[in-house]
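Spelled out from the first residue to the last, the chains are:
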Amino acid sequence: MTVDRILPTDEARDLLELTTELADRELAPKVVEHEQRAEFPREVLRTLGRAGLLGLPYPEEYGGAAQPYEVYLQVLEILAGRWLAVAEAVSVHTLSCYPVAAFGSEEQRKLLPDMIGGELLGAYCLSEPQGGSDAAALTTRAVRDGDGYLVTGTKAWITHARVADFYNVFCRTGGPGPKGISCLLADRATPGLHPQAAERTMGLRSSPVAQIVFDEARVPADRLIGGDGAGFTIAMSALDSGRLGIAACAVGLAQAALDYAVDYARQREQFGRSIIDFQGLGFTLADLATQISAARALTLAAARLRDAGRPYSVEAAKAKLFATDVAMRVTLDAVQVLGGAGYVADHPVERYLREAKVLQIVEGTNQIQRLVISRALAKG
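First, a word on what this report is: a plain description of the structure on this page. (Residues numbered from 1 in each chain as written. Predicted model: local features only at pLDDT ≥ 70, side-chain atom pairs only at ≥ 80, totals over all residues. Heavy atoms only, no water.)

With that out of the way, let us pick up a negative patch on the surface. Together, Glu11, Asp14, Glu17 and Glu60 line one region of the surface with negative charge. Mapped onto the elements of the fold, Glu17 is located in helix α1 (residues 10-27). We classify Glu17 as partly exposed; its relative accessible area is 49%. (Patch = residues over 30% accessible without salt bridge, like charges linked within 9 Å, V, L, I, M, F, W, Y side chains within 5 Å. Areas by Shrake-Rupley, 256 points an atom, 1.4 Å probe, with all protein chains shown as cover. Salt bridge = Lys/Arg side-chain N within 4 Å of Asp/Glu carboxyl O. Lys, Arg positive; Asp, Glu negative; His and termini not counted. Charge placed at Lys NZ, Arg CZ, Asp CG, Glu CD. Helix = DSSP H or I, 4+ residues; strand = E, 2+ residues; numbered from the N terminus. Buried < 20%, exposed > 50% of the residue type's maximum accessible area, 1.4 Å probe, protein only.)

Applying the stated criterion across every chain, the model contains zero disulfides. Here Cys97 stays free of any disulfide, with the sulfur of Cys183 as its closest cysteine sulfur at 12 Å. Cys171 provides the cysteine sulfur closest to Cys183, a residue in no disulfide bond, and the two sulfurs are 7.5 Å apart. A relative accessible area of 0% places Cys183 in the buried class. (Disulfide = S-S within 2.5 Å.)

Across the interface, helix α5 (residues 84-103) lies against helix α7 (residues 231-267) with an axial gap of 9 Å and an inter-helix angle of 160°. Judged by the angle between their axes, α5 and α7 are roughly antiparallel. Two packed elements cross with a definite hand, and for α5 against α7 that hand is right-handed. Touching Leu84, Ala87, Glu88, Ser91, Leu95, Tyr98, Pro99 and Phe103 of α5 are Ile234, Ser237, Ala238, Leu239, Gly242, Gly245, Ile246, Cys249 and Leu253, all from α7. Here the contact of α5 with α7 is composed, by residue class, of 12 nonpolar, four polar and one charged. (Axes fitted to C-alpha atoms, helices over the stretch in contact; angles between N-to-C directions. Parallel < 35°, antiparallel > 145°, perpendicular 65-115°, else oblique. Left-handed = near helix turned anticlockwise from the far one by under 90°. Contact = heavy atoms within 4.5 Å. Nonpolar A, V, L, I, M, F, W, Y, C, P; charged D, E, K, R; others polar.)

Turning to its location among the elements, Asp240 is positioned in helix α7. Not counting residues within four places of it along the chain, the set of residues in contact with Asp240 comprises Tyr312, Ser313 and Ala316.

So, on to the pairing of strand β1 (residues 122-125). Neither face of β1 is exposed, since Gly122 and Tyr124 on one face and Ala123 and Cys125 on the opposite face are all buried. With four bridges connecting them, β1 and strand β4 (residues 166-172) associate as parallel partners. The residue bridging Ala123 from the neighbouring strand is Tyr167, located in β4. (Pairing = 2+ DSSP bridges.)

So, about the layout of surface pockets. Estimates place the volume of the largest pocket at around 1,300 Å³. Lining the largest pocket are 46 residues; nearest its centre among them are Ser127, Ile361, Val362, Glu363 and Gly364. Ranked by residues supplied to the lining of the largest pocket, first place goes to helix α11 (residues 366-379) with six residues. Grouping the constituent residues of the lining of the largest pocket by class yields 24 nonpolar, 10 polar and 12 charged. (1 Å grid on protein atoms, 1.4 Å probe; cavity = no way out; pocket = protein on both sides within 12 Å on 5 of 7 lines; lining within 4 Å. Points joined across faces, edges and corners; volume = space filled by probe spheres on them.)

Structure (structure tokens):
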């Protein structure tokens, strides 16, 4: 199905055409093999970086494309429709560049061209084994030691854990609570930084996710981002943007599942006619199409608030909540439309279903999104 998009500029239209061309040529033919082998497509990310797709929302002076978030999210949607693991990798990498871009010193920002260009791949180390949703209670500690910090602790569920070139490490440099948290930028080769074996995940098998153990890992003091105690502010600000990225990925995945189900329902015949002509199935597909359009509209509306410099945290939570729930519903129903064929790996909808689930969990579970929204309602 062709999505009717209203874009702010001709440049944005050209960008989405380029993204579609790259996604069809570089992503779609490779996804099945890489997912089966659980192999991360590092060269695909480099290709996207060289095409300028990894730095879309960042300033041109640092190698970015200075595109509105509204446009960047539509790029993610297109990528997710071909290969969700790649779209999620782009979202995570963009999130990983954010601390330096938004809070870094001018010296630290000299790293941005290689980060944004995709020559350096990023990871975002916030969650811990005992403290996923309660980020303010993290226990990884960094102790000042001469001209550096010694970092000790364990981070969990880290995307790109075994392949990243740099890690944003949120750690405790002060007392309890959010004011004691700081953010350090650690290189891959940091002594004492030990990625563990990759998790065996339900979906996104080509995306490496693992714990990282920090055993007195020495990070130079000049890699402290935003100053001592700024970490929690950085983390929460970045997550607002990251939630929009996940919402866009959910819309792209849901659209891919719907398109496949519709094509199948047009071709599959029972009782002498295409099954899409039976109202029970046709109305189901109509409802799914409507929900996807609503999810896309909600996501882009939140992005426009961000682009306008207005508060958007609550709207980002709504978009992430709604879009990922829609993706779960659409992929589940897509399997049902295909019947037995939907349950085998010959058709991609079984993979779509497995992939959709993680989107309800990452960048804050959907229960956390409801908490954000309900607290805003309580405050009036």
